[in-house]
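Take a look at the letters that make up each chain.
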Amino acid sequence: MTKGYSLEKDLSLLINNPKYSDIEILCDDEKKFYGSRAILAARSEVFDRLLYNGMKESYENKISFPTINSCGMEIILEYIYTGSIKNESLTKDNIIEAFYAADYFQLPDLQDFIVKNFKDTLEKNNNGNYSPELLSKFANKMPLTEDNIFLCSLIEAVATIPLNTIEFGRLSITGFQYFLTCTYEKEEPFATSEYEVFRYSALLAAKQVSNDAYKTLMGRLPTLEQIEQMENSVRIENKFIPDRNKVAKELELLVEFINFRRIQGQVLVDIIEPLEIVPAKIILNIYRHNTRSINSELNHFRGISITNHANYVWDESVCGSKVIIENNGKVVYAPKNLISWSIVRAKMLLENKGIYEWDIIIEKICFWSWVGVCASKNFDYENPAGRQSSGWVLGSNGYCRNSDYETYYCPSFHEDGARITVHLDMNKRTCSFTVNGTKYPEVSVWNNLPSELYPIVSIKYPGRYRIQPHQKK
């Protein structure tokens with residue numbers, strides 16, 4: 001290759017090249033790399049302090065890193081020599097080691113790149129969300145610090161997965177402890193009810209003890225869906241639990257990060273307490289709180305309740321006949337022959353209590369765009385939403401509308417790519433919007449919304465709308 005045309009390509013020739021190196025780098029798995037002292041020190045304060053400290057490292061031709069794996073060091077050298085990393089260099093098998101090494105050598109730009117690569121890969125990955133495995137690796141490699149950008153990204157990704165869909169073995173008990181610690185009483189999107197959080201915790205703890213304990217608890221802890229299908233009582237037959245005390249001991253690591261006040265009282269009495277794996281003091285304190293509290297009803301989800309990502313799609317059975325839904329239900333668009341507005345509803349039912357948030361990306365604007373919610377009953381999908389008493393929408397003209405009553409809300413948005421975030425507070429039965437990054441207050445005249453709602457949009461040619469879970473910038 002001819003030299004002198006590309007600095008990046010020329011410097012890449014130096015990576016792990018004995019010909020141009022004056023020091024050997026030894027990793028924890030005994031793999032050896034070759035490096036240049038001057039380049040390493042110029043690019044990393046940590047290398048500079050180690051290699052030019054006037055002590056023995058300054059004179060020896062070897063340096064050891066007993067906590068850095070070779071796959072992480074490989075990424076570090078690529079970045080130090082060329083100033084960049086190819087996306088394909090990072091995989092789910094080396095990304096945790098790479099981030100740990102970037103943290104160790106104090107390379108914040110590389111850390112940011114690794115996190116961005118993880119988010120981009122996760123969004124494009126069609127083979128499932130592998131964040132539970134990465135969180136387990138992270139917990140085994142790095143200490144718990146809630147301001148760690150990669151940990152926050154992993155926690156956010158795992159929180160969007162209903163726990164009862166994560167097979168045991170994918171998420172270690174230490175990784176799960178990190179997860180509970182970082183989500184406890186935090187206002188972030190969360191896909192699992194608190195009862196299911198307890199159920200997963202108990203089963204994971206039992207799995208660490210014995211298969212007999214695990215199988216017994218599987219029979220004693222129905223899913224929330226199974227509980228809802230039971231008639232009259234949810235009481236489960238009381239059976240002996242093998243290694244009960246050992247299970248309770250394992251569960252101690254997790255139970256302090258479970259808010260039992262978010263679990264239905266009957267479930268607490270009939271299912272959880274008889275297991276005798278939760279400290280009696282915790283159960284007693286919940287009973288006392290519920291007795292004394294005037295309003296002890298809490299949302300059954302920690303953070304911001306979200307539905308399964310599978311429901312963040314447009315419902316083909318509830319939309320105009322001419323609209324076209326594609327991209328696995330995430331995108332709806334209007335063909336040329338759709339000259340009048342058509343209402344499209346999403347699959348997710350928003351009910352009970354909780355705060356629900358989702359984004360509508362207007363990839364292609366139409367003459368007027370309308371975004372909002374409708375009631376589950378008494379709504380006509382053939383007529384404009386804002387003209388009905390059971391429809392509440394924000395228009396691209398900046399006005400909110402319900403029953404033909406309009407009120408000015410925000411500046412108009414008539415550009416392709418506009419991002420509208422709907423914030424629905426079912427605790428207060430109110431709604432607000434964020435338009436292109438600017439958050440606006442609750443719509444003052446919408447102060448008593450129904451208990452069951454669906455997301456909707458109104459669309460006409462050439463409109464094209466995408467729906468997705470709210471993604472914070």
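Residues numbered from 1 in each chain as written. Predicted model: local features only at pLDDT ≥ 70, side-chain atom pairs only at ≥ 80, totals over all residues. Heavy atoms only, no water.

1. Description of the environment of Arg387
- Relative to the elements of secondary structure, Arg387 occurs in the loop between strand 12 (370-375) and strand 13 (391-395).
- Taking the C-alpha atoms as reference, Arg387 lies 4.4 Å from Ser403; in sequence the two are 16 residues apart.
- Sequence-distant contacts of Arg387, that is, excluding residues within four places in its chain, are made with Arg401, Ser403 and Asp404. (Helix = DSSP H or I, 4+ residues; strand = E, 2+ residues; numbered from the N terminus. Contact = heavy atoms within 4.5 Å.)

2. Re unusual backbone geometry
- A cis amide bond links Tyr461 to the next residue, Pro462, at an omega of 5°.
- The topology assignment puts Pro462 in the loop between strand 19 (452-459) and strand 20 (464-469).
- One non-glycine residue, Ser403, adopts positive backbone phi at about 55°.
- Its place among the elements puts Ser403 in the loop between strand 14 (399-402) and strand 15 (405-408).
- By relative accessible area, which is 34% here, Ser403 ends up partly exposed. (Buried < 20%, exposed > 50% of the residue type's maximum accessible area, 1.4 Å probe, protein only.)

3. Digging into the environment of Ile258
- Tracing the chain through its elements places Ile258 in the loop between helix 13 (244-255) and helix 14 (265-272).
- Distance in space between the C-alpha atoms of Ile258 and Glu185 is 9.3 Å, their sequence separation being 73 residues.
- In this structure, Ile258 is in contact with Leu180, Tyr184, Glu194, Val197, Phe198, Ser201 and Arg302, ignoring residues within four places of it in sequence.

4. A few points about the sheet that holds strand 17 (residues 430-435)
- In space, the 7 strands of this open sheet follow the order 7-8-20-11-16-17-18, with antiparallel pairing throughout. At either margin of the open sheet sits one strand with a lone partner, and together these are strand 7 (324-326) and strand 18 (438-439).
- Examined bridge by bridge, strand 7 and strand 8 (residues 331-333) share 3 bridges and lie antiparallel to one another. The residue bridging Ile324 from the neighbouring strand is Tyr333, located in strand 8. (Pairing = 2+ DSSP bridges.)

5. A short note on the packing of aromatic side chains
- One pass over the full model with this rule turns up 20 aromatic pairs.
- Judged by centre distance (4.8 Å) and plane angle (20°), the rings of Phe168 and Tyr200 are stacked. Of the two residues, Phe168 is situated in the loop between helix 8 (149-159) and helix 9 (173-183) and Tyr200 in helix 10 (residues 194-209); the sequence distance between them amounts to 32 residues.
- Classification of Tyr200 by relative accessible area gives buried; the value is 4%.
- We note Lys141 situated over the ring of Tyr100; from NZ or CZ to the ring centre the distance is 4.6 Å. (Phe/Tyr/Trp six-rings, centres within 6.5 Å; stacked < 30°, edge-to-face > 60°. Lys NZ or Arg CZ within 6 Å of the ring centre and 35° of its normal.)

6. Some details on the pairing of strand 2 (residues 32-35)
- Here strand 2 shows a buried face lined by Phe33 and Gly35 and an unburied face lined by Lys32 and Tyr34.
- Pairing of strand 1 (residues 23-27) with strand 2, which is carried by 4 bridges, proceeds in the antiparallel orientation. Looking across to strand 2, one finds that Glu24 is bridged to Tyr34.
- In this structure, the hairpin formed by strand 1 and strand 2 is closed by a connection of 4 residues, where Glu30 is found at a positive phi of approximately 70°.

7. Quick look at the packing of helix 7 (residues 131-141) against helix 9
- Contact geometry for helix 7 and helix 9: axes closest at 8 Å, N-to-C directions at 95°. What the angle tells us is that helix 7 and helix 9 run roughly perpendicular. Residues Leu135, Ser136, Phe138 and Ala139 of helix 7 form the contact with helix 9, whose own contacting residues are Thr174, Gly175, Tyr178 and Phe179.
- Here the contact of helix 7 with helix 9 is composed, by residue class, of 5 nonpolar, 3 polar and no charged. (Axes fitted to C-alpha atoms, helices over the stretch in contact; angles between N-to-C directions. Parallel < 35°, antiparallel > 145°, perpendicular 65-115°, else oblique. Nonpolar A, V, L, I, M, F, W, Y, C, P; charged D, E, K, R; others polar.)

8. Here's the deal with helix 4 (residues 70-82)
- With 13 residues, helix 4 extends 18 Å from end C-alpha to end C-alpha; this agrees with the ideal 18 Å at 1.5 Å per step.
- In terms of burial, helix 4 is a largely internal element, 11 of the 13 residues being buried.
- Of the residues making up helix 4, those classed as buried are Ser70, Gly72, Met73, Ile75, Ile76, Leu77, Glu78, Tyr79, Ile80, Tyr81 and Thr82.
- Within two residues after helix 4, Gly83 carries a phi angle of roughly 80°, on the positive side. (Expected span 1.5 Å × (residues − 1).)

9. Comments concerning the environment of Tyr20
- Within the secondary structure layout, Tyr20 lies in the loop between helix 1 (7-12) and strand 1.
- Between the C-alpha atoms of Tyr20 and Gly35, which are 15 residues apart in sequence, the distance is 7.7 Å.
- Here Lys19 takes part through its side chain, which lies 3.5 Å from a polar atom of the side chain of Tyr20. (Polar contact = N/O pair within 3.5 Å; in protein donor to acceptor, adjacent residues only side chain to side chain.)

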